[in-house]
Amino acid sequence: MSEVQTLMDMGFPRERVEYALEVTSNKGVEPAMEWLLAHVDDPIPSRQGAGESPGSTAQPAAAVDSSAAAASSSTSGAGETSAPVAKSLKCDECGKVLRDHTEVEYHAAKTGHTKFSESEEEKKALTEEEKKAQLALIEEKLKQKRIEREEREKIEALQREKNRIKSGKDMTEAKRRMEELEMKKIVEQRKREKDEEKAARDRVKAQIEADKAARKAREQKELGNAEPAPSVSSTTVSSPPAGVKSPPRDYTETRIQVRLQDGSTLQETFNVKEQLSAVRVFIQMKTGIESPFSLMTTFPRKLFAEDDYEKPLEVLGLVPSAVITMTKTPA
């Protein structure tokens, strides 16, 4: 709301409001209001080029025309009285006395009243008490407007704070959802890796079982095709002389016992043709250990090297049975 409109809402005519703002160098509502109250009865100087003087305290046009008509119609008789002179305008609807047409226009715009007439009653100047009362009323209006403005600003500030808090909560919730999604992805990735490792171990185990089955089938076939040894009469076969060793037995399988690092043991039967690496794969499948480790025998003490894992068990002397100890790989 402009300063002019604010002062007009307090009951001052627009013409006097504009002049008061001009006199006080447009310093605001309060200086202009103080000037208006201090010069409530002072005439406003006319402005050039404005036609009828907006601040003139001359009588209204209707009153002037009425006086002129009364003067022209007067007769030349002695003792004839002149027509009454209109000193103000009056609202026929509410009875308020108005000084000039400017006040009439303002009163009509504010109240919507349309019926006015000339009046011989002269609008009295405000007394000191009336000036003080009007000043107090204006100050109360200003105070009320200031309170309303402060309340409005508080509400707006509170709304801005609510919006800021809501925005912060939304950002925190979005961040939390992103972290949950990221954690879910990590869990799913670990699960996939474990499933792939398990599938790989199952494939190795299945391959080992298939190799065992194939070797057994091949050995059985070879034994079935072997020619039977010729029978020898007991009369012609003599007992071996004392001190002569019998030929070594031809073993096809060997039983391996593995002592783990925690003191527990594993047992499994292997084909003598299998490599020592098959024993290491068997230990990994049973224990799930992925870190490197080595194997050794105690009697005689021997730590197997990397090239030993490619050798068959019979070549390494682990037939028909052997005890192997699991140990850490030397640095």
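Residues numbered from 1 in each chain as written. Predicted model: local features only at pLDDT ≥ 70, side-chain atom pairs only at ≥ 80, totals over all residues. Heavy atoms only, no water.

- Per an unreviewed UniProt entry, the recorded name for the chain is GM09977p, and the organism is Drosophila melanogaster.

**Comments concerning the overall build of the chain**
Moving on, step 1. A tally of regular secondary structure across the chain gives seven helices and eight strands.
Moving on, step 2. Within the chain, buried positions represent 22% of all 331 residues.
Moving on, step 3. Contacts in the chain between residues at least 24 apart in sequence constitute 59% of all its contacts with a sequence separation of at least 6.
Moving on, step 4. Approximately 23900 Å² of the chain is accessible, and the part contributed by carbon and sulfur atoms is 52%. (Helix = DSSP H or I, 4+ residues; strand = E, 2+ residues; numbered from the N terminus. Buried < 20%, exposed > 50% of the residue type's maximum accessible area, 1.4 Å probe, protein only. Contact = heavy atoms within 4.5 Å. Areas by Shrake-Rupley, 256 points an atom, 1.4 Å probe, with all protein chains shown as cover.)

**Brief notes about a negative patch on the surface**
Moving on, step 1. Among the surface-exposed residues, Glu-193, Asp-195, Glu-196, Glu-197 and Glu-290 lie close enough to one another that they form a single negatively charged patch.
Moving on, step 2. The residue Glu-197 is located in helix α6 (residues 128-225) in this model. (Patch = residues over 30% accessible without salt bridge, like charges linked within 9 Å, V, L, I, M, F, W, Y side chains within 5 Å. Salt bridge = Lys/Arg side-chain N within 4 Å of Asp/Glu carboxyl O. Lys, Arg positive; Asp, Glu negative; His and termini not counted. Charge placed at Lys NZ, Arg CZ, Asp CG, Glu CD.)

**Notes on helix α5 (residues 101-111)**
Moving on, step 1. Along α5, the positions that sit buried rather than exposed are Glu-103, Val-104, Tyr-106 and His-107. Burial along α5 is one-sided: seen end-on, the buried residues are contained in an arc of 170°. In α5, those exposed residues whose orientation departs by more than 90 degrees from the buried face are Glu-105 and Ala-109.
Moving on, step 2. The secondary structure elements touched by the buried residues of α5 are α1 (3-9), β1 (88-91), β2 (97-98) and β3 (116-119).
Moving on, step 3. In the segment just after α5, Gly-112 is the residue with positive phi, at about 85°. (Arc of directions from axis to C-beta.)

**Some details on unusual backbone geometry**
Moving on, step 1. Along the chain, Val-319 connects to Pro-320 via a cis peptide bond; the corresponding omega equals 0°.
Moving on, step 2. Mapped onto the fold, Pro-320 is located in the loop between β7 (302-303) and β8 (321-328).
Moving on, step 3. In this model, Ser-25 sits at a positive phi of 60°, which is unusual for a non-glycine residue.
Moving on, step 4. With respect to the helices and strands, the residue Ser-25 is situated in the loop between α2 (14-23) and α3 (29-38).

**Observations regarding the sheet that holds β1**
Moving on, step 1. Strand order in the open sheet made by the three strands is β2-β1-β3, with antiparallel pairing throughout. Strand pairing shows two members of the sheet lacking a second neighbour, β2 and β3, which therefore form its edges.
Moving on, step 2. Here four bridges tie β1 to β3, and the two strands are oriented antiparallel to one another. Its bridge partner lying in β3, Cys-91 is registered against Phe-116. (Pairing = 2+ DSSP bridges.)

**Structural notes on the confidence of the model for the chain**
Moving on, step 1. Averaged over all residues, the pLDDT of the chain is 78; the fraction at 70 or higher stands at 78%.
Moving on, step 2. Across residues 232-240, where pLDDT falls below 50, the model places one contact with residues more than four positions away in sequence or in other chains.
Moving on, step 3. Every residue in residues 242-246 scores below 50 in pLDDT, and together they form zero contacts with partners more than four places removed in sequence or on other chains. (pLDDT = per-residue confidence, 0-100.)

**As for the sheet that holds strand β4 (residues 253-259)**
Moving on, step 1. If you walk across this open sheet you meet the five strands as β5-β4-β8-β6-β7, and the pairing is mixed. Strand pairing shows two members of the sheet lacking a second neighbour, β5 (265-271) and β7, which therefore form its edges.
Moving on, step 2. On the sheet, helix α7 (residues 276-287) packs against β4, β5, β6 (293-297) and β8 and is oriented at approximately 140° with respect to β5. (Axes fitted to C-alpha atoms, helices over the stretch in contact; angles between N-to-C directions.)

**Digging into the packing of aromatic side chains**
Moving on, step 1. Summed over all chains, the structure comprises two aromatic pairs.
Moving on, step 2. Ring centres 5.5 Å apart and planes at 65° place the aromatic pair Tyr-19 and Trp-35 in the edge-to-face group. Of this pair, Tyr-19 sits in helix α2 while Trp-35 sits in helix α3; the two residues are 16 residues apart in sequence, bridging distant segments of the chain.
Moving on, step 3. On the basis of relative accessibility, which here comes to 18%, the residue Tyr-19 falls in the buried class.
Moving on, step 4. Lying over the aromatic face of Phe-270, Lys-212 brings its terminal NZ or CZ to 5.3 Å of the ring centre.
Moving on, step 5. The ring of Tyr-309 is capped by Arg-280, whose NZ or CZ atom sits 4.0 Å from the centre of that ring. (Phe/Tyr/Trp six-rings, centres within 6.5 Å; stacked < 30°, edge-to-face > 60°. Lys NZ or Arg CZ within 6 Å of the ring centre and 35° of its normal.)

**Structural notes on the pattern of salt bridges**
Moving on, step 1. For the structure shown, the criterion picks out eleven salt bridges.
Moving on, step 2. Note that Glu-314 and Lys-273 form a salt bridge whose closest N and O atoms lie 2.9 Å from each other. Taken together, the residues span a long stretch of sequence, with Glu-314 in the loop between β7 and β8 and Lys-273 in the loop between β5 and α7 at a distance of 41 residues.
Moving on, step 3. What makes Lys-273 exposed here is its relative accessible area of 52%.

**Comments concerning the environment of Phe-270**
Moving on, step 1. Looking at the element boundaries, Phe-270 is found in strand β5.
Moving on, step 2. For Phe-270, a relative accessible area of 3% corresponds to the buried category.
Moving on, step 3. Sequence-wise, Phe-270 and Thr-254 are 16 residues apart; in three dimensions their C-alpha atoms are separated by 5.5 Å.
Moving on, step 4. If we skip the residues at most four places from it in the chain, Phe-270 touches Thr-252, Glu-253, Thr-254, Ile-256, Ala-278, Val-279, Phe-282 and Leu-313.

**Details of the side chain of Thr-254**
Moving on, step 1. Among the structural elements, Thr-254 can be located in strand β4.
Moving on, step 2. A polar side-chain atom of Thr-254 sits 2.8 Å from the main-chain carbonyl oxygen of Pro-320.
Moving on, step 3. Discounting chain neighbours no more than four positions away, the residues touching Thr-254 are Glu-268, Thr-269, Phe-270, Val-272, Leu-313, Leu-318, Val-319, Pro-320 and Ser-321. (Polar contact = N/O pair within 3.5 Å; in protein donor to acceptor, adjacent residues only side chain to side chain.)

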